[in-house]
Amino acid sequence: MRVIINQVEYDLPSQSVITDALSMIDAKPPYAVAVNLNFVPKTKHIEFRLSENDQIEVIAPVTGG
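Remember, predicted model here, so these are calculated numbers, not experimental data.

Examining the sheet that holds strand β4 (residues 38–40)
Okay, so step 1: Within the open sheet, the five strands sit side by side as β2-β1-β5-β3-β4. Their pairing is mixed. Only two strands of the sheet have a single neighbouring strand rather than two, namely β2 (8–11) and β4. Averaged over all pairs of adjacent strands, the angle between their axes in this sheet comes to 30°, without regard to strand direction.

Here it is, written out as structure tokens:
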């Protein structure tokens, strides 16, 4: 199945969840995840099923003053 992660197209197996997408891009915590512009809490990443053409944004926190 085709998904977009941080504006880059990837192919994932059907029935993939957010943790599969994070593994594909080797994401390192901490991060926040949104699917189709909707925030998904970390507690839901292992069960949130992705769909064809989902757009996933993985956002790392920015520190500074």
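There is more to say, and it comes next.
Here's the deal with the side chain of D54
Okay, so step 1: Secondary-structure assignment places D54 in the loop between β4 and β5 (55–59).
Okay, so step 2: No salt bridge is formed by the buried D54; its nearest oppositely charged neighbour, R2, is found at 9.4 Å.

What about the nonpolar core?
Okay, so step 1: Counting residues in hydrophobic clusters, the biggest one holds 13 residues, and the most contacted among them are I18, V33, V35, L50 and I56.
Okay, so step 2: For this core, the elements supplying multiple residues, two or more each, are β1 (2–5), α1 (18–24), β3 (32–35) and β5.
Okay, so step 3: Ranked by the residues each element gives to this core, the list is headed by α1, at three residues.
Okay, so step 4: Setting aside chain neighbours within four positions, we find V35 in contact with I18, V40, F48, L50, D54, Q55 and I56.

About the thresholds
Residues numbered from 1 in each chain as written. Predicted model: local features only at pLDDT ≥ 70, side-chain atom pairs only at ≥ 80, totals over all residues. Heavy atoms only, no water. Pairing = 2+ DSSP bridges. Helix = DSSP H or I, 4+ residues; strand = E, 2+ residues; numbered from the N terminus. Axes fitted to C-alpha atoms, helices over the stretch in contact; angles between N-to-C directions. Buried < 20%, exposed > 50% of the residue type's maximum accessible area, 1.4 Å probe, protein only. Lys, Arg positive; Asp, Glu negative; His and termini not counted. Salt bridge = Lys/Arg side-chain N within 4 Å of Asp/Glu carboxyl O. Core = buried A, V, L, I, M, F, W, Y, C linked by side-chain atoms within 4.5 Å. Contact = heavy atoms within 4.5 Å.

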